[in-house]
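Next come the chains, spelled out residue by residue.
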Amino acid sequence: MNDLLKFITCGSVDDGKSTLIGHMLYDAKLIFTDQENALILDSRVGSRGGEIDYSLLLDGLMAEREQGITIDVAYRYFNTEKRSFIVADTPGHEEYTRNMAVGASFADLAIILVDGSKGLLTQTRRHARICALMGIRHFVFAVNKMDLVSYDAEVFQKIELDIRKLMVEFKYATLCVLPVSATEGDNVTTPSKNMLWYRGATLLSYLENIDVSKEESKEGCILPVQRVCRPNANFRGFQGQIVQGKLSVGDKVKVLPSGQTACLSSMYVTDKAMDTCIEGQAVTVSIDREIDISRGCVITTEESLSIGRLFKASLLWMDNDELIEGRSYLLKLGGKMVPATVQKLHYQIDVNTGEKKLIKKGHKNEIISCDISVSEKIVLQNFEKCMAMGRFILIDRVTNMTSACGRVEYVLRRSDNLTYQNMDITRDIRAEMLGQKPVTLWFTGLSGSGKSTVANAVEKELVAMGKHTMILDGDNVRMGLNKNLGFTETDRVENIRRIAEVAKLMNDAGLIVLVSAISPYNVDRANARAIIGDAYREIYISTPLEVCEKRDVKGLYAKARQGQLPNFTGISAPYEVPKDAELSIDTSLMELERSVEKIVKLCCV
Amino acid sequence: MTHLDKLEVEAIYIMREVVAECEKPVMLYSIGKDSSVMLHLAMKAFYPEKPPFPFMHIDTSWKFKEMLDFRDRVADKYGIEMLVYRNEKAIEQGINPFDHGSAYTDIMKTQALKQALDKYGFTAAFGGGRRDEEKSRAKERIFSFRNEEHAWDPKNQRPELWDIYNTRIHKGESMRVFPLSNWTEKDIWQYICRENIDIVPLYFAKERPVVYRDGNIIMVDDERMKLRADEEIVMKKVRFRTLGCYPLTGAIESDADTLEAIVAETLGAVSSERTSRVIDHEAAGSMERRKKEGYF
């Protein structure tokens, strides 16, 4: 049976990626006749004046064919007598960089195209950098369009030198630079008659022969647990894929993060009982004693795995929304999904020069260095040492978008010195003494919507009922605890985070907390909900803008209309209507007493 | 590990991720060879447990008889839960592939599938789609996000990095998951051979009653087949490369009546398999359009 090579083609737009692969498939007779006929028909109306346009074999979406560009990765499958191949053809436009990264994350080898008539472009450098970031170790640079530079050896040699200079910065295992013409077919599958000065292999023959297997590792076994299998009361198996090393029945293993040990008592590779299993296999293992193991735990014989809560990471930011310090995301790593916060943005790497630039925010398509903390200790490893335990994604908590992918550069130890102290007197005990259930009522809504009025009335009612309460008013907090914060996005996030943390502490003290803050953005409210947890109750004061503006208690709307207040919610900045508020109240429609009654009821749920 | 071993491990990993993270999964079962492979992989993935989700067949009421017999036999043999859903309202209205053209596929497959997913509230549905089948499929993610309308947005897919899948959805949204994304037709046949997987007998060449229609060979599976004036039923030794609704599925003339012969024929094939699907050819991008509307 043949082995498999997964590779990608990348490089700037119009460097001829799709054409190169199309030509290779066509020459090597790797397409079916109906596809060939469709290709010839499509080419007649295309831009090559009736000549075959090989790129049409790959661009599959209607929008791509209409615009003549590649938007998303296309996967093609072919095999020669020597090898099976999967190629991911990736988009060249900067706008679609994240789709290029998708392809790169999947591949063992990258073919980066360079237009021989233009040399290295920013996009070439960006793609080389992203390939290295995603963990590709084998690089082929195909200097294309040699036909346009008269197959000149000197042009090629100059570009080759630039490529070797570029690659100095990255860690790689192999590097090959070769001159081709994708449209004419020189050095694609047959040696070029126009470039006799080039004595290396053709592209296809290079791909057929390169060895991309990892050196045999002597390291211990790593098995991240994907799920627990419990068909009946007598069997408890842990299922997952071995990402490093091998395991045998009888081996003494450690379970992380708990650190408990056990011996392997049985093992299945898919549905067959086995004594030993190796890297890459899908297994089910069981152990000789009852210890707590769930998804996200790691069964291992490897000593060097880390357990931590804080690490330095490199990210590729992929979201249209900006990355802001202090914001909370979900992090997925090795089957574990945990809340995570981007603690500190260090710098952005200039894709062209590799220079480090200090930044306040991260933007789409940027490579960023930052610190990330997670809400509990997780098992992880430097990406360089173990890819499977050192790569992760960040998910936006509101939109569920995959906002970034990243790698663990190293685990920071300072978090290890901070452990959460469990006290004997808990929130429940304090609450019981006060005879109440501590909750945080979070009032959100436009300025003048009646948040403070309602919160004030609710508190009076609660106190009359003998409850212990505290109001945190957005404006008041800004005069004290948060007086060093302004109104930029970063400060706004921090403002909400501090209020939420304080509310949580007060809940711990057993108090019922009422927070009154405009909090106009879904992400910020989601962050507050994440910090405060089950005690969080969101009340949306939905009084319409016209009514708030008419009331204009503080005279702010008038100022905002005159342009004196930039970023004023409702006028010059948006208010995102909450989707999952526990309660909505329009003070222009509902009597205050009735509102109070409904909210007090919410306290008891 | 061989190429097939790697594909097997990838599919198993994907299935386990879905079961670990998605609230209510279902495996779509179309009775074809890809579904047979997917079912076989599901039995392996969770062993010694049975697959912890039901299987579901969307029955257009125009499937080959042999397919339905096979479906019931397989469900019995493996002891799995097999749901069958039919768009009964449309069947009552007499919607059929002869009179209703492309509307038929939409109503009996796409609409029926959406109705079934909504009825049971499934949040993730496994499908046997492969990227080598068709150009728009070649672009689709393994975890393919669908909105409340079950629609696919090809221009705005979530990035999918390494083997870390983002399974997060809001209420009403869902995932289509394709564990066989990276398999080719050849891989499927070689795996069926290697694992000795039971498949519908229609894949093997046999004398069958057929008519020649618009360049396709259509098998006359029951009396509902409307013959045109110039058509005549003839007996031919044929087999099928893909299976769907019998009036829309073209056979090929072949003598391949063993798995080995089928593999040999596939290795030397000159046409891609979907040429025998009548619906794919209606208009450029027809698959992409149907997928945007919620088709698999």
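Reading the values: rules and limits
- Residues numbered from 1 in each chain as written.
- Chains lettered and ligands numbered in written order.
- Predicted model: local features only at pLDDT ≥ 70, side-chain atom pairs only at ≥ 80, totals over all residues.
- Heavy atoms only, no water.
- Helix = DSSP H or I, 4+ residues; strand = E, 2+ residues; numbered from the N terminus.
- Buried < 20%, exposed > 50% of the residue type's maximum accessible area, 1.4 Å probe, protein only.
- Contact = heavy atoms within 4.5 Å.
- Areas by Shrake-Rupley, 256 points an atom, 1.4 Å probe, with all protein chains shown as cover.
- Lys, Arg positive; Asp, Glu negative; His and termini not counted.
- Charge placed at Lys NZ, Arg CZ, Asp CG, Glu CD.
- Rg over C-alpha atoms; globule rule 2.2 N^0.38 Å.
- Core = buried A, V, L, I, M, F, W, Y, C linked by side-chain atoms within 4.5 Å.
- pLDDT = per-residue confidence, 0-100.
- Buried area = accessible area lost by both parts, 1.4 Å probe.
- Salt bridge = Lys/Arg side-chain N within 4 Å of Asp/Glu carboxyl O.
- Polar contact = N/O pair within 3.5 Å; in protein donor to acceptor, adjacent residues only side chain to side chain.
- Phe/Tyr/Trp six-rings, centres within 6.5 Å; stacked < 30°, edge-to-face > 60°.
- Axes fitted to C-alpha atoms, helices over the stretch in contact; angles between N-to-C directions.
- Parallel < 35°, antiparallel > 145°, perpendicular 65-115°, else oblique.
- Left-handed = near helix turned anticlockwise from the far one by under 90°.
- Pairing = 2+ DSSP bridges.
- Domains from an automatic or database assignment.
- Nonpolar A, V, L, I, M, F, W, Y, C, P; charged D, E, K, R; others polar.

1. Some thoughts on the overall build of chain A
Along chain A, the regular secondary structure elements total 16 helices and 30 strands. Overall, the C-alpha framework of chain A stretches about 95 × 70 × 45 Å when taken along its three principal axes. Within the span of chain A, comprising 605 residues, buried residues form 56% of the whole. Of the contacts formed within chain A by residues at least 6 apart in sequence, a portion of 71% connects residues at least 24 apart. Carbon and sulfur atoms make up 50% of the accessible area of chain A, which totals about 26400 Å². Each charge sign in chain A was given a centre, from 75 positive and 79 negative side chains, and these centres are 4 Å apart.

2. Quick look at the overall build of chain B
Scanning chain B from terminus to terminus reveals eight helices and ten strands. The C-alpha atoms of chain B give a radius of gyration of 19 Å, which matches the 19 Å a tight globule of 296 residues would have. Out of the 296 residues belonging to chain B, those deemed buried represent 62%. Restricting the contact set of chain B to residue pairs at least 6 apart, pairs at least 24 apart contribute 74%. Averaged over its 46 positive side-chain charges, chain B has a centre that lies 2 Å from the centre of its 51 negative ones.

3. Details of the nonpolar core
Residues and elements named next belong to chain B. Met 15, Val 37, Leu 41, Phe 55 and Trp 183 are the most contacted members of the largest nonpolar core, which has 74 residues in total. If you tally residues by element for this core, the top one is helix H1 (residues 3-21), at ten residues. Discounting chain neighbours no more than four positions away, the residues touching Met 15 are Met 27, Met 38, Leu 41, Ala 42, Ala 45, Phe 46, Phe 126 and Pro 179.

4. Some words on the confidence of the model for chain A
Taken as a whole, chain A shows an average pLDDT of 88; of its residues, 90% reach a score of 70 or greater. The weakest mean pLDDT in chain A belongs to helix H2 (residues 33-44) of chain A at 58; the strongest belongs to strand E24 (residues 391-395) of chain A at 97.

5. A look at the interface of chain A and chain B
Listed as interface residues are 72 residues of chain A and, on the opposing side, 59 residues of chain B. Interface of chain A and chain B: buried area, both sides summed, is about 5700 Å²; carbon and sulfur atoms make up 57% of it. On the chain A side of the interface with chain B, the three residues burying the most area are Tyr77(A), Arg227(A) and Asn400(A), jointly 12% of the side's total. The closest approach of N and O atoms between Glu21(B) and Lys332(A), which form a salt bridge, is 3.0 Å. Remark: the boundary between chain A and chain B carries 29 residue pairs in polar contact (both at pLDDT 80 or more). No other element matches the six residues that helix H4 (residues 97-106) of chain A contributes to the side of chain A that touches chain B.

6. A word on the packing of aromatic side chains
Per the stated rule, a full pass over the model turns up 25 aromatic pairs over all chains. With centroids separated by 6.3 Å and ring planes inclined at 50°, the aromatic side chains of Phe383(A) and Trp162(B) adopt a geometry described as tilted. Of this pair, Phe383(A) sits in the loop between strand E23 (367-380) and helix H8 (387-390) while Trp162(B) sits in the loop between strand E5 (143-146) and strand E6 (174-177), which puts the two residues in different chains. Residue Phe383(A) shares its accessibility class with Trp162(B), and that shared class is buried. Relative to Phe53(B), the ring of Phe46(B) has its centre 5.8 Å away and its plane inclined at 85°; by these criteria the two rings are edge-to-face. Judged by relative accessible area, which is 0%, Phe46(B) ranks as buried.

7. Examining the packing of helix H12 (residues 489-508) of chain A against helix H13 (residues 522-532) of chain A
Residue and element names in this part refer to chain A. In contact at an axis separation of 9 Å, H12 and H13 are set at 25° when each is read in the N-to-C sense. By the angle between their directions, the pair H12 and H13 is classed as roughly parallel. In this structure, H12 meets H13 at a crossing whose hand is right-handed. Facing H12, whose interface residues are Arg 492, Val 493, Ile 496, Arg 497, Ala 500, Glu 501, Ala 503, Lys 504 and Asn 507, H13 presents Asp 524, Asn 527, Ala 528, Ile 531 and Ile 532.

8. Regarding the sheet that holds strand E9 (residues 234-239) of chain B
Residue and element names in this part refer to chain B. With antiparallel pairing, the four strands of this closed barrel are ordered in space as E7-E8-E10-E9. Each strand axis lies, on average, 70° off the axis of its neighbour in the sheet, ignoring direction. Strand direction decides the pairing type here: strand E7 (residues 206-213) and E9, joined by five bridges, are antiparallel. Looking across to E9, one finds that Arg 208 is bridged to Lys 236.

9. Observations regarding the environment of Asp99(B)
Residues and elements named next belong to chain B. Looking at the element boundaries, Asp 99 is found in the loop between helix H4 (88-92) and helix H5 (101-120). A sequence separation of 68 residues divides Asp 99 from Ile 31, and the C-alpha atoms of the two residues are 25 Å apart. Within the structure, the side chain of Asp 99 is placed 2.8 Å from the side chain of Lys 226, a separation counted as a polar contact.

10. With respect to the sheet that holds E5(B)
All names here are of chain B. Ordered by their spatial adjacency, six strands build an open sheet running E3-E2-E1-E4-E6-E5, and the pairing between neighbours is mixed. At either margin of the open sheet sits one strand with a lone partner, and together these are strand E3 (82-85) and E5. Averaged over neighbouring strand pairs, the angle between their axes works out to 30° when direction is ignored. As paired strands, strand E1 (residues 25-28) and strand E2 (residues 55-58) are joined by two bridges and run parallel to one another.

11. Digging into unusual backbone geometry
Cis rather than trans, the peptide bond between Leu256(A) and Pro257(A) has omega equal to 5°. Counting through the fold element by element, Pro257(A) comes out in the loop between strand E11 (252-256) and strand E12 (260-269). Note the cis peptide between Tyr47(B) and Pro48(B), where omega equals 5°. Checked against the element boundaries, Pro48(B) lands in the loop between helix H2 (33-46) and E2. Its identity is not glycine, yet Lys145(A) carries a phi of approximately 60°, on the positive side. At Asn187(A), a position not held by glycine, the phi torsion is positive, near 60°. Looking at the secondary structure, you find Asn187(A) in the loop between strand E6 (174-179) and helix H7 (203-209).

12. Remarks on the confidence of the model for chain B
Residues and elements named next belong to chain B. Looking at chain B, pLDDT values average 88 and 91% of them are 70 or higher. For chain B, helix H8 (residues 286-292) is the element with the lowest average pLDDT, namely 67, and E1 is the one with the highest, namely 97. Reported for the predicted complex are a pTM of 0.78 and an ipTM of 0.88.

13. With respect to the pairing of E11(A)
Residue and element names in this part refer to chain A. Pairing of E11 with E12, which is carried by four bridges, proceeds in the antiparallel orientation. The residue of E12 that forms the bridge with Lys 254 is Thr 261. Between the end of E11 and the start of E12, which pair antiparallel, lie three residues, with Gly 259 showing a positive phi angle near 85°.

14. Regarding the domain arrangement of chain A
All names here are of chain A. Split into domains, chain A comes out as domain 1 (4-209), domain 2 (222-300), domain 3 (308-415) and domain 4 (431-602). When the area that domain 1 buries against domain 3 is broken down by residue, the three leading residues are Arg 98, Arg 129 and Leu 133, summing to 44%. Across the domain 1-domain 3 interface, the total number found is one salt bridge. Our enumeration of links across domain 1 and domain 3 arrives at six residue pairs in polar contact (both at pLDDT 80 or more). By residue number, the principal contributor to the side of domain 1 that touches domain 3 is helix H5 (residues 122-134), which donates eight residues. Looking at the side of domain 1 that touches domain 3 residue by residue, the class counts come to five nonpolar, three polar and eight charged.

15. Section: the environment of Leu5(A)
Residues and elements named next belong to chain A. Within the secondary structure, Leu 5 is located in strand E1 (residues 4-11). Taking relative accessible area as the criterion, Leu 5 reaches 0% and is therefore assigned buried. Residues Leu 5 and Ser 213 lie 208 residues apart in sequence; the distance between their C-alpha atoms is 9.7 Å. For Leu 5, the contacting residues outside a window of four places in its chain are Arg 83, Ser 84, Phe 85, Ile 86, Asp 108, Leu 109, Leu 207, Ile 210 and Val 212.

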